[in-house]
Amino acid sequence: MLTKLEEIVLEWVCLDYERAPAIVGEVSSALGRQATDREVFGVLLAHLGRGLVKAYLYETESRAFRQLTCPAGHDPEEVWWYCTEAGKKALF
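Let us look at the packing of helix H1 (residues 4-15) against helix H3 (residues 37-50). At a minimum axis distance of 10 Å, the contact between H1 and H3 shows a crossing angle of 80 degrees. Judged by the inter-axis angle, H1 sits roughly perpendicular to H3. Judged by residue contacts, Leu 5, Glu 6, Val 9, Leu 10 and Val 13 of H1 engage Glu 39, Val 40, Val 43, Leu 44, His 47 and Arg 50 from H3. Its residues placed into classes, the contact of H1 with H3 shows 7 nonpolar, 1 polar and 3 charged.

This next bit is on unusual backbone geometry. Even without being a glycine, Arg 63 presents a positive backbone phi close to 55 degrees. Tracing the sequence through the fold places Arg 63 in the loop between strand E1 (53-59) and strand E2 (64-68). What makes Arg 63 exposed here is its relative accessible area of 69%.

Okay, the nonpolar core next. Core analysis: the biggest nonpolar cluster contains 23 residues, and Val 9, Val 13, Val 27, Val 40, Leu 44 and Trp 81 have the highest contact counts within it. Counting residues per element, the ones that place at least two in this core are H1, helix H2 (20-31), H3, E1 and strand E3 (79-83). Broken down by element, the residue count for this core peaks at 6 residues, all from H1. When residues no more than four places from it in sequence are discounted, the contact partners of Leu 44 are Val 9, Val 13, Ala 20, Val 53 and Trp 81.

Each pair of aromatic rings is reported with the distance of its centres and the angle of its planes. According to the stated counting rule, one finds 7 aromatic pairs in the structure shown. Aromatic side chains Tyr 17 and Phe 65 sit 4.0 Å apart centroid to centroid with 5 degrees between the ring planes, which places their arrangement in the stacked category. Residue Tyr 17 is located in the loop between H1 and H2, and its partner Phe 65 is located in strand E2; the two are separated by 48 residues in the primary sequence. Exposure remark for Tyr 17: the relative accessible area of 25% places this residue in the partly exposed category. Here a set of aromatic residues connected by ring pairs shows up, and it is made of Tyr 17, Tyr 56, Tyr 58, Phe 65, Trp 80 and Tyr 82. Above the ring of Trp 80, the side-chain terminus of Arg 19 is found at 5.3 Å from the ring centroid.

This part covers the pairing of E2. Bridge analysis of E1 against E2 gives 5 bridges, and the strand direction is antiparallel. Bridging from a neighbouring strand, Leu 57 pairs with Arg 66 of E2. Between the end of E1 and the start of E2, which pair antiparallel, lie 4 residues, with Arg 63 showing a positive phi angle near 55 degrees.

With respect to the helices, strands and loops of the structure, Ser 28 is situated in helix H2. Ser 28 has contacts with Arg 33, Gln 34 and Ala 35, leaving out every residue within four places of it along the chain.

On to the sheet that holds E2, then. Here 3 strands make up an open sheet; going across it, the order is E2-E1-E3 and the pairing antiparallel. Of all strands in the sheet, those with a lone pairing partner are E2 and E3, marking the two edges. Looking at each pair of strands side by side, their axes are set apart by 45 degrees on average, direction ignored. Its contacts with the sheet put H1 on E1 and E3, and the angle it makes with E3 is roughly 90 degrees.

Reading the values: rules and limits
Residues numbered from 1 in each chain as written. Predicted model: local features only at pLDDT ≥ 70, side-chain atom pairs only at ≥ 80, totals over all residues. Heavy atoms only, no water. Axes fitted to C-alpha atoms, helices over the stretch in contact; angles between N-to-C directions. Helix = DSSP H or I, 4+ residues; strand = E, 2+ residues; numbered from the N terminus. Parallel < 35°, antiparallel > 145°, perpendicular 65-115°, else oblique. Contact = heavy atoms within 4.5 Å. Nonpolar A, V, L, I, M, F, W, Y, C, P; charged D, E, K, R; others polar. Buried < 20%, exposed > 50% of the residue type's maximum accessible area, 1.4 Å probe, protein only. Core = buried A, V, L, I, M, F, W, Y, C linked by side-chain atoms within 4.5 Å. Phe/Tyr/Trp six-rings, centres within 6.5 Å; stacked < 30°, edge-to-face > 60°. Lys NZ or Arg CZ within 6 Å of the ring centre and 35° of its normal. Pairing = 2+ DSSP bridges.

As far as function goes, none of this settles anything; it's purely spatial.
Below, the structure written as structure tokens:
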């Protein structure tokens, strides 16, 4: 079972590729309290461990996303997230 924060973060990356800092405001609004970049990034890392999301880097040269296996070593501003089928099933 997902916490409210985990559910909200997963909902945001279920629709499109998103970066943690880009959704903090929306997550905070839905949660009813201020969430931090670090908190949202941590939730996404936890979701990755559960197989609910995948992490990517956007490569401007090829204009394509490349999957990351270890996003924790990257700047949260650079990491994009997207929901897996398992993540979608966890929401619905």
